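Residue-level listing of the chains:
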Amino acid sequence: MLAARTRLAQSLGAALPRTTTLARLGRVHLPALSTSSFLARRGFATTGAEEKTVPYTADKLTYLKRDPAFNQITEEHVAHLRTLLSPGSLLVGQSDNDNDLLPYNTDWMNKYRGKSQIVVRPRTTEEVSKVLAYCNEQRLAVVPQGGNTGLVGGSVPVFDEIVLSTNLLNKVRKFDPISGTLVCDAGCILESLENYLGDRGHIMPLDLGAKGSCHIGGNVATNAGGLRLLRYGSLHGTVLGLEVVLPDGTVLENLSTLRKDNTGYDLKQLFIGSEGTLGIITGVSILTPKKPNAVNVALVGLKSFEHVQQAFLGARENLSEILSAFECWDKSAAHLVQAHSVQGNRNPLAEEHPFYVLLETSGSNKEHDDEKLGAYLEKLMENEIIDDGVIAQDATQILNLWSLRESIPEACSKSGAVYKYDISMPLPVFYQMVEDVRARLTAAGVYGPEKMVTDVIGYGHVGDGNLHLNITAKKYDGEITKLIEPYVYEWAAKYSGSISAEHGLGLMKAPYVGYSKSGPMIDMMKRIKKVFDPHGIMNPYKFLPQ
Ligand code: FAD
Ligand code: 2HG
Ligand code: ZN
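The structure displayed is predicted, hence computed values, not measured ones. (Residues numbered from 1 in each chain as written. Chains lettered and ligands numbered in written order. Predicted model: local features only at pLDDT ≥ 70, side-chain atom pairs only at ≥ 80, totals over all residues. Heavy atoms only, no water.)

> Whenever I open this one, the environment of L85 confuses me. Can you help?
Relative to the assigned elements, L85 resides in the loop between helix 5 (75-84) and strand 1 (90-92). Its relative accessible area of 10% is what places L85 among the buried residues. For the pair L85 and V131, spaced 46 residues apart in sequence, the C-alpha to C-alpha distance is 8.1 Å. Excluding residues within four positions of it along the chain, L85 makes contact with L90, V120, P122, E127 and V131. (Helix = DSSP H or I, 4+ residues; strand = E, 2+ residues; numbered from the N terminus. Buried < 20%, exposed > 50% of the residue type's maximum accessible area, 1.4 Å probe, protein only. Contact = heavy atoms within 4.5 Å.)

See the structure below:
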């Protein structure tokens, strides 16, 4: 009997010599990047004239008014903050144009820009506690910031709020290889944790394209989903405990490593996804899965989203417990990756396809997984659900295929301005939103090669029912925004979807939360906010409607 892999090579290989095609690709995995190198790579100048190309949020969104309840920062404040911190932990700008402060004031998309002149970078929980207590007492507003990769404008100031960065809170506190529990500082970069665990036979339960920059504290604060949620579930399940500093300086120490603990309200859940509005997460205890012995990644091309759905149903049925990711993108996304990739990502399939699916299996027995995946893909080919496909043959090829998916957000950003929507909804209407938005922008005469809107792209975590709609444009423009919003949110509400599947609300979606949550629920959220943060100093203007 032929090995599954050889049989598959025969059927898929008829259309494509898989190994050679993949072998031609260079190594394209995103390297670990600092926030500023992310910015630099997207053509964001950190010098001179081009700094001014990102307009101030306060000038753009004129409905936002600085809350007069917050004090302006004085030299006395700065001098006192200095006494609370270790040397080198306070950055003070001469103006908000200051190059050192620019990466803290400007978001990843170059869409939002604040005017902060103070960045505090505590090195310990105790320092965080002292700083927050002082800011609370002095009524100084604070924006918590991790890797600043958030996509809804939550991580940067609007006016002159103090940025509290977790950059220097970056130590692993302990790891237990038996239970797989990891306890670390909130400022640890996700990719560094993945590398740390990799050496110890474990992996992080979440993975994102921004892993080279985002912090675990930022991931928890946004309840980030990402590429592994299908398999390991959300952070609401994998986070076992948190250490959080409240605005009055109180430290809620609950770095539990227990799987089970039914003693009272589960307070940590409130902080998961609270986007810096209730307190600062300083420590995280998280359950890490064993590194799978066998990982397979396949990329397939399909004719329509109907076919994508059929392939997904088949994957649930035939790959069940070994299925670890099911990601999809359309032809427009693939084009952008080819057009803008600096790292040479090339389509390994011989032809273009309207849709692409990357699916991953992870398990403990390579032969078993190969067999299952092979049989599944053969069945899809036979039933003409997929038109072509490749399977990675080694670790480098796995990274190369993943890179085609992970570089989509970066490729979109290279097009100019990008309007990002992150919707969850029932699968049957998943791609319809992209088509409806295309039709709407075409009818308005703004979409086309020489027009303001250059592309409407759909991709996302099909396995989680989470679509990323990216609309690329020559620049951010109020009239274009009005054509898209609230249309997209109304659309999501009509189909019982969520206006934010995984990126959160931030500044961008705070006014629109009513499309996904009822009035009484929003009122209860406001009451909870008041309990934790009575003076409202934590990340003001964000998250909840004003
Ligand atoms: P930041 O951007 O710094 O902050 C995000 C929010 O959390 C802000 O409101 C901030 O105030 C708050 N915050 C940060 N740290 C703390 C803290 N210690 N305590 C309290 N509040 C805090 N998201 C997904 O869900 N899935 C994806 O697949 C995904 N992929 C991405 C790919 C790219 C290329 C990029 C740029 C972003 C992606 N994101 C994704 C969005 C983003 O949510 C995540 O990158 C990440 O979770 C944000 O972490 P961060 O450390 O950068 O947080
Ligand atoms: C992803 O899944 C991220 O790649 C980013 O959530 C999505 O940029 C986006 O819209
Ligand atoms: Zn995503």
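On we go.
> For this particular structure, what's the right way to read unusual backbone geometry?
Here the bond from E485 into P486 is cis, since omega is 5 degrees, no more than 30 degrees from zero. Take P486: it is sitting in the loop between helix 19 (478-484) and helix 20 (487-494). With phi around 45 degrees, N539 is a residue other than glycine that occupies positive phi space. Among the structural elements, N539 can be located in the segment after helix 21 (519-532). One non-glycine residue, Y541, adopts positive backbone phi at about 75 degrees. With respect to the element layout, Y541 can be found in the segment after helix 21.

> Looking at this structure, how should I read the coordination of the zinc ion (ligand 3)?
Each donor-metal-donor angle in an ideal tetrahedron of four donors is 109.5 degrees, and each such angle in an ideal octahedron of six donors is either 90 or 180 degrees. Bound to the zinc ion (ligand 3) on the protein side are H461 (NE2), H468 (NE2) and E502 (OE), at distances that span 1.9 to 2.1 Å. Spacing between the donor residues of the zinc ion (ligand 3) along their common chain follows H-x6-H-x33-E. Exposure remark for H468: the relative accessible area of 5% places this residue in the buried category. (Donors = N, O, S within 2.8 Å, 3.2 Å for Na, K, Ca; no water.)

> In this structure, what is going on with the packing of aromatic side chains? I would like to understand it.
Here the distance between the centres and the angle between the planes together describe a pair of aromatic rings. Here the structure, examined in full by the defined rule, presents 15 aromatic pairs. Residues Y421 and Y489 carry aromatic rings whose centres are separated by 6.0 Å and whose planes lie at 65 degrees to one another, so their mutual orientation is edge-to-face. On the criterion of sequence distance, the pair formed by Y421 in strand 14 (residues 417-424) and Y489 in helix 20 is long-range, its members being 68 residues apart. Here Y421 and Y489 have matching classes, each one buried. (Phe/Tyr/Trp six-rings, centres within 6.5 Å; stacked < 30°, edge-to-face > 60°.)

> Sorry, what's going on with the site of ligand 2 here?
Near ligand 2 the following residues occur: L151, R405, P409, K420, Y459, H461, H468, N470, E502 and H503. Here an oxygen atom of ligand 2 and a side-chain polar atom of N470 are 3.0 Å apart. Take E502: an N or O atom from its side chain is 2.9 Å from an oxygen atom of ligand 2. In isolation ligand 2 exposes 300 Å². Once the protein is present, 89% of that is buried. At the level of secondary structure, the elements contributing two or more residues to the shell around ligand 2 comprise strand 15 (453-461) and strand 16 (466-473). (Near = heavy atom within 4 Å. Polar contact = N/O pair within 3.5 Å; in protein donor to acceptor, adjacent residues only side chain to side chain. Areas by Shrake-Rupley, 256 points an atom, 1.4 Å probe, with all protein chains shown as cover.)

> Explanation requested: the site of ligand 1 in the structure shown.
Taken together, 34 residues lie near ligand 1, and P144, G146, G147, T149 and G150 sit nearest. The contact in question runs from an oxygen atom of ligand 1 to an N or O atom on the backbone of G147, over 2.8 Å. Contact between ligand 1 and E275: an oxygen atom at 3.1 Å from a main-chain N or O atom of the residue. Considered on its own, ligand 1 offers 970 Å² of accessible surface; in the complex 97% of this is hidden by protein. At the level of elements, strand 3 (142-145), helix 9 (216-222) and strand 9 (280-287) are the ones that each hand at least two residues to the shell around ligand 1. The biggest single contributor to the shell around ligand 1 is helix 9, with five residues. For the shell around ligand 1, a count of residues per class yields 11 nonpolar, 21 polar and two charged. (Nonpolar A, V, L, I, M, F, W, Y, C, P; charged D, E, K, R; others polar.)

> For this particular structure, what's the right way to read the confidence of the model for the chain?
Mean pLDDT over the chain stands at 90; residues scoring 70 or higher make up 90%. Within the model, the stretch residues 1-52 combines pLDDT values under 50 with 126 contacts to residues more than four positions away or in other chains. (pLDDT = per-residue confidence, 0-100.)

> Sorry, what's going on with helix 5 here?
Side chains of residues three or four places apart in an α-helix project in the same direction, reflecting 3.6 residues per turn. Restricting attention to buried positions, one finds in helix 5 the residues H77, V78, L81 and L84. In an axial view of helix 5, the angular spread of the buried residues amounts to 115 degrees, which keeps them on one side of the axis. Seen from the buried face of helix 5, the exposed residues on the opposite side, beyond 90 degrees, are E75, E76 and T83. Structurally, helix 5 contributes buried residues whose contacts are with strand 1, strand 2 (118-120), helix 7 (125-138) and strand 4 (162-165). (Arc of directions from axis to C-beta.)

> Can you walk me through the packing of helix 13 (residues 305-318) against helix 15 (residues 366-382) in this structure?
Each pair of packed helices gets described by two things: the angle between the helix axes and the distance between those axes. Two elements in contact, helix 13 and helix 15, have axes separated by 10 Å at closest approach and are oriented at 150 degrees. With respect to each other, helix 13 and helix 15 are oriented roughly antiparallel. Our pair here, helix 13 against helix 15, has a crossing hand that is right-handed. Along its contact with helix 13, which presents A311, G314, A315 and N318, the element helix 15 presents K372, Y376, K379 and L380. Here the contact of helix 13 with helix 15 is built from residues that sort into four nonpolar, two polar and two charged. (Axes fitted to C-alpha atoms, helices over the stretch in contact; angles between N-to-C directions. Parallel < 35°, antiparallel > 145°, perpendicular 65-115°, else oblique. Left-handed = near helix turned anticlockwise from the far one by under 90°.)

> Hey, could you run me through the pairing of strand 16 in this one?
Moving residue by residue along a regular strand, the side chains alternate between the two faces of the sheet. The element strand 16 is extensively covered by neighbouring structure, given that eight of its eight residues are classed as buried. Side chains N466, H468, N470 and T472 project from strand 16 onto one buried face, and the interleaved L467, L469, I471 and A473 project onto a second face that is buried too. Judged from the eight bridges that link them, strand 14 and strand 16 form a sheet pairing that is antiparallel. Note that in strand 16 the partner of Y419 across the bridge is I471. (Pairing = 2+ DSSP bridges.)

> Would you mind going over the sheet that holds strand 14 with me for this structure?
Within a beta sheet, neighbouring strands are joined by backbone hydrogen bonds and run either parallel or antiparallel to one another. Spatially, seven strands are ordered 13-10-12-11-15-16-14 in an open sheet, and the strand pairing comes out antiparallel. Each of the sheet's edge strands pairs with one partner strand only, and the pair in question is strand 13 (388-391) and strand 14. Between one strand and the next, the sheet's axes are offset by a mean angle of 15 degrees, whatever the strand orientation. Each of strand 11 (323-330), strand 12 (355-363), strand 15 and strand 16 touches helix 14 (residues 331-340); the most contacted strand, strand 11, lies at about 85 degrees to it.

> What should I look at first to understand the pattern of salt bridges in this one?
Summed over the entire model, instances satisfying the criterion amount to 18 salt bridges. Measuring nitrogen to oxygen at the nearest pair gives 2.5 Å for the salt bridge that ties K211 to E406. Here K211 is found in the loop between helix 8 (190-198) and helix 9, whereas its partner E406 is found in helix 16 (residues 395-406), with 195 residues between them in sequence. Judged by its relative accessible area of 8%, K211 is buried. Taking the shortest distance from any N to any O, the salt bridge between D370 and K366 comes out at 3.1 Å. Here K366 and D370 lie together in helix 15, a separation of four residues that amounts to about one turn. Given a relative accessible area of 36%, K366 falls into the partly exposed group. Overlapping salt bridges, with partners in common, bring together E194, D207, K211, R228 and E406 in one network. (Salt bridge = Lys/Arg side-chain N within 4 Å of Asp/Glu carboxyl O.)

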